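Overview (structure and organization)
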Amino acid sequence: MKRFHKKIGAGLLGVGLCMAFLSAAHAWYGPYGPSYYGQYGPNAMKRDRQKLMRGHAQAMDDLAAIIEGRKRFDRLKATKLAREIEAGAGENMWRLYAPDSVAAPGSRTAPPIWGNFETFKANANALKETAGGLADELEKRPTDKDYQEGVWIPPYSSGFGNRWGQRGGDMTQAAIAEYIRLERICAVCHLDFRTSSYSRW
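Residues numbered from 1 in each chain as written. Predicted model: local features only at pLDDT ≥ 70, side-chain atom pairs only at ≥ 80, totals over all residues. Heavy atoms only, no water.

**With respect to the overall build of the protein chain**
Of regular secondary structure, the protein chain possesses seven helices and zero strands. Scored against the burial criterion, the 201 residues of the protein chain give a buried share of 37%. For the protein chain, the proportion of contacts with a sequence separation of at least 24, taken over those separated by at least 6, is 74%. Put simply, the protein chain shows about 12,600 Å² of open surface, and 58% of that area lies on carbon and sulfur atoms. (Helix = DSSP H or I, 4+ residues; strand = E, 2+ residues; numbered from the N terminus. Buried < 20%, exposed > 50% of the residue type's maximum accessible area, 1.4 Å probe, protein only. Contact = heavy atoms within 4.5 Å. Areas by Shrake-Rupley, 256 points an atom, 1.4 Å probe, with all protein chains shown as cover.)

**Examining the packing of aromatic side chains**
According to the stated counting rule, one finds four aromatic pairs in the structure shown. Through a chain of ring-to-ring contacts, three or more aromatic side chains come together here, namely Trp94, Tyr97, Phe117, Phe120 and Phe193. Over the ring of Tyr97 we find Arg49; its NZ or CZ atom is 4.8 Å from the centre of that ring. If you follow Lys121 out to its NZ or CZ, it ends over the ring of Trp94, 4.3 Å from the centre. (Phe/Tyr/Trp six-rings, centres within 6.5 Å; stacked < 30°, edge-to-face > 60°. Lys NZ or Arg CZ within 6 Å of the ring centre and 35° of its normal.)

**Observations concerning the confidence of the model for the protein chain**
The pLDDT averaged across the protein chain works out to 76; a share of 66% of its residues lies at or above 70. Counted against residues more than four places away or in other chains, residues 19-40, with its pLDDT under 50, gives 31 contacts. With pLDDT under 50 throughout, residues 158-167 is counted as low confidence; its partners more than four residues away or in other chains account for 16 contacts. (pLDDT = per-residue confidence, 0-100.)

**Notes on helix H3 (residues 75-87)**
In this model H3 runs 18 Å from its N-terminal to its C-terminal C-alpha over 13 residues, within 8% of the 18 Å that 1.5 Å per residue would give. Arg75, Ala78, Thr79, Leu81, Ala82 and Ile85 are the residues of H3 that are buried. Within H3, the buried residues cover an arc of 160 degrees as seen down the axis, which keeps them to one side. For H3, the capping residue at the N-terminal end is Asp74, with a side-chain oxygen 3.1 Å from the backbone nitrogen of Leu76. (Expected span 1.5 Å × (residues − 1). Arc of directions from axis to C-beta. Polar contact = N/O pair within 3.5 Å; in protein donor to acceptor, adjacent residues only side chain to side chain.)

**Here we look at the nonpolar core**
Within the largest apolar cluster, 34 residues are counted, with the highest numbers of intra-cluster contacts made by Leu63, Ile85, Phe120, Leu134 and Leu182. At the level of secondary structure, the elements contributing two or more residues to this core comprise helix H2 (42-67), H3, helix H4 (91-94), helix H5 (117-139) and helix H7 (173-193). The element that contributes the greatest number of residues to this core is H5, accounting for nine residues. When sequence neighbours within four positions are dropped, the list of residues in contact with Phe120 reads Met93, Trp94, Tyr97, Ile113, Cys189 and Phe193. (Core = buried A, V, L, I, M, F, W, Y, C linked by side-chain atoms within 4.5 Å.)

**Considerations on the pattern of salt bridges**
Scanning all chains against the criterion turns up seven salt bridges. Between Glu86 and Arg83 there is a salt bridge, and its shortest N-O distance comes to 3.0 Å. Remark: Arg83 and Glu86 occur in helix H3; sequence separation between them is three residues, near one turn of the helix. (Salt bridge = Lys/Arg side-chain N within 4 Å of Asp/Glu carboxyl O.)

What follows is the structure, given as C-alpha cells:
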C-alpha cells in the first residue's frame, strides 16, 4: 500500500515538474513558442512568412513583365498586382516576424531582423505605401501635361485596345518612379534581412 502511494506521489511530482517546465518555456518564448507545430509556433510563423513572400515574388515578377514590356500591357491587371503587394505589406508582413517569435529550421530569415525590428517595420510600411502609390498611378490615364513631360510606353502595348477597351500602355513618370522605389525597397530588405540559402535555424 505504501509503495502504491509512493508511485502516485512520484507520478504527481512528475506531472507538476512537467507543468512547471511548460510554464517556464511559455514565459521564455512568449505566445509564439515553444511548439514548432502549434497555432503560434515558430514553424507556423515560418510557413506563413514564406507563403506571403512567395506571393509577393510572383506578383513582382508579373508586374515587372508588364511594366518592362515582356508581356502585353494590361492596366487592370498591373493595378491589381500592385494592390496585392500593398495588402500583404505593412503590419500584415511585419507581424509575422514578431520580436518574441523564434527562428525555425528551414527559414531564410537572417537573425539580425530581430535585433533591428524597427528598421524592418519601417521597410514593410514603406513597401505598403509605395505599392499603394504605384497602384494609384497605374489607375490614371496620362494627361496632356504628362505627355509633355514624357510617358513610358512598353514595347508590347497595343494602340488598338484590348478586351477591356484599354488603349495603349502609357504610364506616367510618377508610376515608373514608384515602381523603381518598390524594387529598391525589396532589394534592400532582402540584402539586410534574408540569408542567401536556407539556414538550419
